[in-house]
Amino acid sequence: MPAPGLPGETAASPREAVTRVLVVDDDPTVAEVVSGYLGRAGHLVDRAADGVAALACAAAHRPDLVVLDLMLPGMDGLEVCRRLRAQGPVPVIMLTARGDEDDRILGLEVGADDYVTKPFSPRELVLRVESVLRRTRPVAAARPLRAAGLAVDPSARRATKDGAELALTLREFDLLAFFLRNPGRAYAREDLMREVWGWDFGDLSTVTVHVRRLRGKVEDDPARPRLIQTVWGVGYRFDDTEAAGRSAGAGQSRFVPGAGQSRFVPEGEARS
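This text gives an overview of the structure that appears in the document. (Residues numbered from 1 in each chain as written. Predicted model: local features only at pLDDT ≥ 70, side-chain atom pairs only at ≥ 80, totals over all residues. Heavy atoms only, no water.)

### Topic: the overall build of the chain
Phase 1: The number of helices and strands found in the chain is 9 helices and 15 strands.
Phase 2: The buried share of the chain, taken over its 272 residues, is 45%.
Phase 3: Sequence separation of at least 24 residues holds for 55% of the intrachain contacts in the chain that already meet a minimum separation of 6.
Phase 4: Carbon and sulfur atoms provide 53% of the accessible area of the chain, an area that totals close to 14,200 Å². (Helix = DSSP H or I, 4+ residues; strand = E, 2+ residues; numbered from the N terminus. Buried < 20%, exposed > 50% of the residue type's maximum accessible area, 1.4 Å probe, protein only. Contact = heavy atoms within 4.5 Å. Areas by Shrake-Rupley, 256 points an atom, 1.4 Å probe, with all protein chains shown as cover.)

Structure representation (structure tokens):
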């Protein structure tokens with residue numbers, strides 16, 4: 001007979017590789033359904049009904065991931081997310097009300113790695129949890145990436161700037177690693193959602209938020225970014241120091257007329 005779990009804990013099968021997920025929601029029905037689905041998917045689940053209990057639970061048993069409702073009594077989900085992130089890196093999936101775009105963006109701003117809007121499919125949430133957890137696991141034999149004073153070690157999930165460690169969220173880390181692997185190429189926000197995070201749909205403003213936050217951590221002057229460039233009408237491009245120097249020197253813009261439209265392009269760029 002299996003040993004009983006702690007209060008608020010759903011046990012996974014001992015034969016499975018167990019990851020610990022903390023579910024924080026003041027709606028007991030939502031918490032029970034989500035916990036049940038996650039438990040059946042092989043995760044060990046702790047539950048908390050408010051922010052104070054969530055922080056205490058996380059301190060007692062550090063979770064591998066937190067599913068966090070935005071609207072909590074007392075301390076809201078944004079503050080809980082801030083405090084969890086202050087204790088150390090932990091992936092957070094925020095549960096938000098449908099249509100609350102400002103709340104979703106705020107959640108990403110304070111360090112949430114993903115969000116799911118209510119009402120949601122529990123199966124979709126489980127897939128999101130497993131997707132995020134896969135990205136937190138070390139990548140075997142992945143080569144370190146270096147450019148412009150930045151270094152990313154995908155195996156150790158560690159990033160530095162001029163030797164100083166960067167405090168990146170899961171999504172920011174993946175985005176930086178992708179940029180370092182693909183310097184000099186412009187990507188649309190849709191491409192970044194698909195190539196970096198494996199999403200075929202979603203709110204494109206989340207990409208904008210992640211880029212803005214990443215710039216704040218890797219750029220010397222985030223207001224005048226030199227590394228992560230905005231390509232107007234397209235998306236974003238990562239330029240290393242050498243490329244940035246070329247664009248600042250010989251890369252003067254020139255006027256190119258097109259069919260029914262005109263644009264400025266850097267010297268050396270082929271006309272389309």
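### Considering helix α2 (residues 51–60)
Phase 1: All buried positions along α2 are accounted for by Gly51, Ala54, Leu55, Cys57 and Ala58. The arc enclosing the buried residues of α2, seen along the axis, measures out at 165°, which places them on a common side. Residues Val52, Ala59 and Ala60 are exposed on α2 and point more than 90 degrees away from its buried face.
Phase 2: Against β2 (20–24), β3 (44–48) and α3 (77–87) lie the buried residues of α2.
Phase 3: The N-cap residue of α2 is Asp50: its side-chain oxygen and the backbone nitrogen of Val52 are 3.2 Å apart. (Arc of directions from axis to C-beta. Polar contact = N/O pair within 3.5 Å; in protein donor to acceptor, adjacent residues only side chain to side chain.)

### Regarding the sheet that holds strand β7 (residues 145–147)
Phase 1: Pairing is antiparallel in the open sheet, where 4 strands are placed in the order β7-β8-β9-β10. Taken across any chain shown, the strands that pair with only one partner, and hence form the sheet edges, are β7 and β10 (164–165).
Phase 2: The sheet contact formed by strand β9 (residues 158–161) and β10 spans 2 bridges and is antiparallel. Bridge pairing in β10 places Thr160 opposite Glu165. (Pairing = 2+ DSSP bridges.)

### Description of the packing of aromatic side chains
Phase 1: For the structure shown, the criterion picks out 2 aromatic pairs.
Phase 2: Taken together, a centroid distance of 4.9 Å and an interplanar angle of 70° make the contact between Phe178 and Tyr187 edge-to-face.
Phase 3: Given a relative accessible area of 10%, Phe178 falls into the buried group.
Phase 4: Consider the rings of Phe179 and Phe238, whose centres lie 6.3 Å apart with planes at 20°: the pair is stacked. (Phe/Tyr/Trp six-rings, centres within 6.5 Å; stacked < 30°, edge-to-face > 60°.)

### Description of the sheet that holds strand β13 (residues 235–238)
Phase 1: Overall, antiparallel pairing links the 3 strands, which are arranged β11-β13-β12 in an open sheet. Here the strands that pair on one side only, and so sit at the sheet edges, are β11 (186–188) and β12 (228–231). On average, each strand axis in the sheet is tilted by 35° relative to the strand beside it, whichever way the strands run.
Phase 2: Strand direction decides the pairing type here: β11 and β13, joined by 3 bridges, are antiparallel. The partner of Ala188 across the bridge, within β13, is Gly235.
Phase 3: Packing against the sheet, helix α7 (residues 189–197) makes contact with β11 and β13, and its axis sits at approximately 90° to β11. (Axes fitted to C-alpha atoms, helices over the stretch in contact; angles between N-to-C directions.)

### Some thoughts on the packing of helix α1 (residues 28–40) against helix α5 (residues 122–136)
Phase 1: One way to put it is that α1 packs onto α5 with a least axis distance of 10 Å and a crossing angle of 55°. Taken together, the axes of α1 and α5 are oblique relative to one another. Relative to α5, the crossing made by α1 is right-handed. Contacts from Val33, Val34, Tyr37 and Leu38 of α1 reach α5 at Pro122, Arg123, Leu125, Val126 and Val129.
Phase 2: Among the residues making up the contact of α1 with α5, the classes are represented as 8 nonpolar, no polar and 1 charged. (Parallel < 35°, antiparallel > 145°, perpendicular 65-115°, else oblique. Left-handed = near helix turned anticlockwise from the far one by under 90°. Nonpolar A, V, L, I, M, F, W, Y, C, P; charged D, E, K, R; others polar.)

### So, unusual backbone geometry
Phase 1: In this chain, Lys118 is followed by Pro119 through a cis amide linkage whose omega measures -10°.
Phase 2: Of note, Pro119 is situated in the loop between β6 (114–118) and α5.
Phase 3: Phi at Ala148 is positive, roughly 55°, even though this residue is not glycine.
Phase 4: Note that Ala148 resides in the loop between β7 and β8 (150–153).
Phase 5: Although it is not a glycine, Arg157 sits at a positive phi angle of roughly 55°.

### Focus: the pairing of β3
Phase 1: Most of β3 is tucked away: 4 of the 5 residues are buried.
Phase 2: Alignment of β2 against β3, held across 5 bridges, turns out to be parallel. Across the sheet, residue Leu22 finds its bridge partner in β3, namely Asp46.

### Thoughts on the packing of α2 against α3
Phase 1: Viewed as axis vectors pointing N to C, α2 and α3 meet at an angle of 15°, and their least axial separation amounts to 10 Å. The angle between α2 and α3 falls in the class roughly parallel. In terms of crossing hand, the pair formed by α2 and α3 is right-handed. Listed contacts from α3 to Gly51, Ala54, Leu55 and Ala58 of α2 are Val80, Arg83, Leu84 and Gln87.
Phase 2: A per-class count over the contact of α2 with α3 returns 5 nonpolar, 2 polar and 1 charged.

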